[in-house]
Amino acid sequence: MSEHYYSQKPTAAHDLHQIQESLCGRTYTFMTDAGVFSKKGVDYGSKVLIEALKFSEHSEVLDVGCGYGPMGIAAAGLAVHGKVTMVDINERALELARMNAERNRVTNVEILQSDKLDAVITRTFDVVITNPPIRAGKETVHRIFEQAHQVLRDGGSLWIVIQKKQGAPSAFAKLESLFAQVQEIGKDKGYRIFKAQK
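Enquirer: Would you explain the sheet that holds strand β9 (residues 191-197) in this entry?
Expert: A sheet is described by the order of its strands in space; here 7 strands give the open sequence β5-β4-β3-β6-β7-β9-β8, paired in mixed fashion. The sheet is open, and its two edges are formed by β5 (109-113) and β8 (181-188), each paired on a single side. Looking at each pair of strands side by side, their axes are set apart by 15° on average, direction ignored. Looking at chain direction, β8 and β9 are connected through 7 bridges and run antiparallel. Within β9, the residue paired with Gly186 across the bridge is Ile193. Lying on the sheet, helix α2 (residues 70-78) is in contact with β3 (60-64), β4 (83-88), β5 and β6 (125-130); it crosses β4 at an angle near 175°.

Enquirer: How do you make sense of the confidence of the model for the protein chain when you look at a structure like this?
Expert: Low pLDDT marks stretches whose predicted atomic positions should not be read closely. For the protein chain, the average pLDDT comes to 91, and 94% of its residues sit at 70 or higher. Note that pLDDT drops below 50 for residues 1-5; the model gives that stretch 13 contacts with residues more than four away or on any other chain.

Enquirer: Any chance you could explain the pairing of strand β1 (residues 17-23) here in plain terms?
Expert: Judged from the 7 bridges that link them, β1 and strand β2 (residues 26-32) form a sheet pairing that is antiparallel. Bridged to Gln20 within β2 is Thr29. Connecting the antiparallel pair β1 and β2 is a turn made up of 2 residues, with Cys24 showing a positive phi of about 50°.

Criteria and thresholds
- Residues numbered from 1 in each chain as written.
- Predicted model: local features only at pLDDT ≥ 70, side-chain atom pairs only at ≥ 80, totals over all residues.
- Heavy atoms only, no water.
- Pairing = 2+ DSSP bridges.
- Helix = DSSP H or I, 4+ residues; strand = E, 2+ residues; numbered from the N terminus.
- Axes fitted to C-alpha atoms, helices over the stretch in contact; angles between N-to-C directions.
- Contact = heavy atoms within 4.5 Å.
- pLDDT = per-residue confidence, 0-100.

Below, the structure is given as structure tokens:
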């Protein structure tokens, strides 16, 4: 398999640079690098998902596939009295996420290496958010949905963004097989935001 952002140890030559993004009304500075997802700027799907998020400021949130950290760090700004746990398989992305949390003075986050949700499968959360790793394949994406259902507390919700052409209909069907209620709560430029409630 050729290397991509779902690799545990990217071997691409480093290409560190700094970007600025406005998310949920706040400006953040992020360091990015080669070998991580959307290194040139926060991808459009993630932005659409971040702007759609609604949950209590006391929520315990899990960001699956956090990359260099934009969604989890923005979510931490919404869960000001809660906590965001950010997980990714990619070691380079995790290093950047830790750096970016510090650089943006975000302290209510925990950043862990995990293949899908394996490292947190015995814990529980109020909210799970993910821009799932489509390139890792449908089996991986659907496993993330199954594990999200497992770690969510009753009444908790999974928020995902997925492009219609990248399997939104089958993702919606999979979510409906797992969750009590699934709704499309937004769409923009081919991206769909689904909220699945346990």
